[in-house]
Amino acid sequence: MTVQIDKPSVRPPGLRPVRRPGRLAVGGLLLAGAAWVVHGVWEVRLALAGEPASGPPDQGDGVHRPLTALENSYHLVTAFGGGAVLLCALFFVSWLWRLRDNARALSGRRPRYGGVWVYLGWIFPVVNLWVPRGIVVDALEATAPGRRRPVSVDVWWGLWLVGMLSGVGIVYRDSTDEIIARAYSGVWPLLASDVAVVAAAVAGVFAVRAVTRVQDERMRAVAGDPER
């Protein structure tokens with residue numbers, strides 16, 4: 001009687017598990033999305049309450065009146081949202097870095113974008129319109145050449161750009177007091193931007209999961225361990 005002993009799978013050098021960073025990135029996206037839902041709820045509350053008779057918080061010429069309780073709570077909500085976005089960014093960039101490194105090990109070719117762009121690609125003007133998405137797409141193509149790109153990747157990026165370029169989303173130019181004044185004078189543009197940010201977070205969850213799954217499957221195939 002011949003007993004067949006399975007050889008243990010060996011992960012090729014340079015490959016590291018991607019599922020855990022993917023789960024953390026998903027958690028960060030859900031947290032940021034939830035924070036922006038709260039953001040929108042508070043803006044609706046401000047709009048329904050109406051602007052106080054004393055006018056907007058920023059009176060101009062460096063003069064700021066005392067905040068109402070609702071306005072003060074909006075500052076707290078904004079601070080919480082900023083913290084949630086920062087945590088999301090840390091998790092997402094960590095996942096993106098792991099994705100990129102694994103793609104390089106699997107394909108044997110240099111990534112299209114240098115490592116510095118994993119960070120700077122989000123903040124440099126103009127290039128931040130395409131570099132982060134480009135890093136994801138490049139890693140996906142290197143991981144599984146010829147495989148169709150998940151639709152969620154393009155949906156996520158399109159919604160992210162809407163939220164970023166609207167001027168009142170995750171990246172905005174106005175101060176919190178100026179956003180409060182906008183909520184009093186016309187809340188709908190703010191809410192539209194909030195919806196785009198929340199939708200981008202949801203689409204990002206699907207994108208991260210889909211891309212992570214593709215790379216994890218390829219890694220298991222290379223390691224000869226389909227059940228891992």
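The structure under discussion appears in the preceding block.
Let me sum up the structure you'll find in this document. (Residues numbered from 1 in each chain as written. Predicted model: local features only at pLDDT ≥ 70, side-chain atom pairs only at ≥ 80, totals over all residues. Heavy atoms only, no water.)

**Comments concerning the packing of aromatic side chains**
Applying the stated criterion to the full structure yields nine aromatic pairs. On the numbers, 5.6 Å between centres and 35° between planes, the contact of Phe92 with Trp156 is tilted. Linking Phe92 in helix α2 (residues 69-107) with Trp156 in helix α5 (residues 151-165), this pair joins segments that are 64 residues apart in sequence. For the pair Phe92 and Trp156, a shared accessibility class is recorded, and that class is buried. Between the aromatic rings of Trp122 and Trp160, the centroid separation amounts to 5.8 Å while the plane-to-plane angle is 90°, which identifies the pairing as edge-to-face. Here Trp122, found in the loop between α3 (117-120) and α4 (131-143), pairs with Trp160, found in helix α5; they are 38 residues apart in sequence, far enough to count as distant. Just as Trp122 is buried, Trp160 falls in that class too. (Phe/Tyr/Trp six-rings, centres within 6.5 Å; stacked < 30°, edge-to-face > 60°. Helix = DSSP H or I, 4+ residues; strand = E, 2+ residues; numbered from the N terminus. Buried < 20%, exposed > 50% of the residue type's maximum accessible area, 1.4 Å probe, protein only.)

**What to know about the environment of Pro66**
You can see Pro66 is positioned in the loop between β2 (63-64) and α2. C-alpha of Pro66 to C-alpha of Ser54: the two residues are 12 residues apart in sequence and 9.6 Å apart in space.

**A word on helix α7 (residues 188-223)**
Look at α7: 52 Å from first C-alpha to last across 36 residues, which is about the 52 Å you get at 1.5 Å a residue. Looking at the residues trailing α7, positive phi occurs at Gly224, about 70°. (Expected span 1.5 Å × (residues − 1).)

**Observations concerning the pattern of salt bridges**
A full pass over the atoms with the stated rule returns 11 salt bridges. Between Arg220 and Asp216 there is a salt bridge, and its shortest N-O distance comes to 3.2 Å. Of this pair, Arg220 and Asp216 both sit in helix α7, four residues apart, which is roughly one turn of that helix. Residue Arg220 is classed as buried on the basis of its relative accessible area, which comes to 18%. On the accessibility criterion, Asp216 (5% relative accessible area) is buried. Salt bridges linked by common partners bring Arg109, Arg112, Asp138 and Glu141 together as one network. (Salt bridge = Lys/Arg side-chain N within 4 Å of Asp/Glu carboxyl O.)

**Looking at a nonpolar patch on the surface**
On the surface, Leu31, Phe80, Leu86, Leu87 and Leu90 cluster together into a nonpolar patch covering about 460 Å² of accessible area. Here the element with the most residues in the nonpolar patch is α2; it accounts for four residues. Turning to its location among the elements, Leu86 is positioned in helix α2. Residue class for Leu86 comes out exposed when judged on its relative accessible area of 53%. (Patch = residues over 30% accessible without salt bridge, like charges linked within 9 Å, V, L, I, M, F, W, Y side chains within 5 Å. Areas by Shrake-Rupley, 256 points an atom, 1.4 Å probe, with all protein chains shown as cover.)

**Describing unusual backbone geometry**
Even without being glycine, Val126 reaches a positive phi, approximately 75°. Relative to the elements of secondary structure, Val126 occurs in the loop between α3 and α4. Since its relative accessible area comes to 52%, Val126 is described here as exposed.

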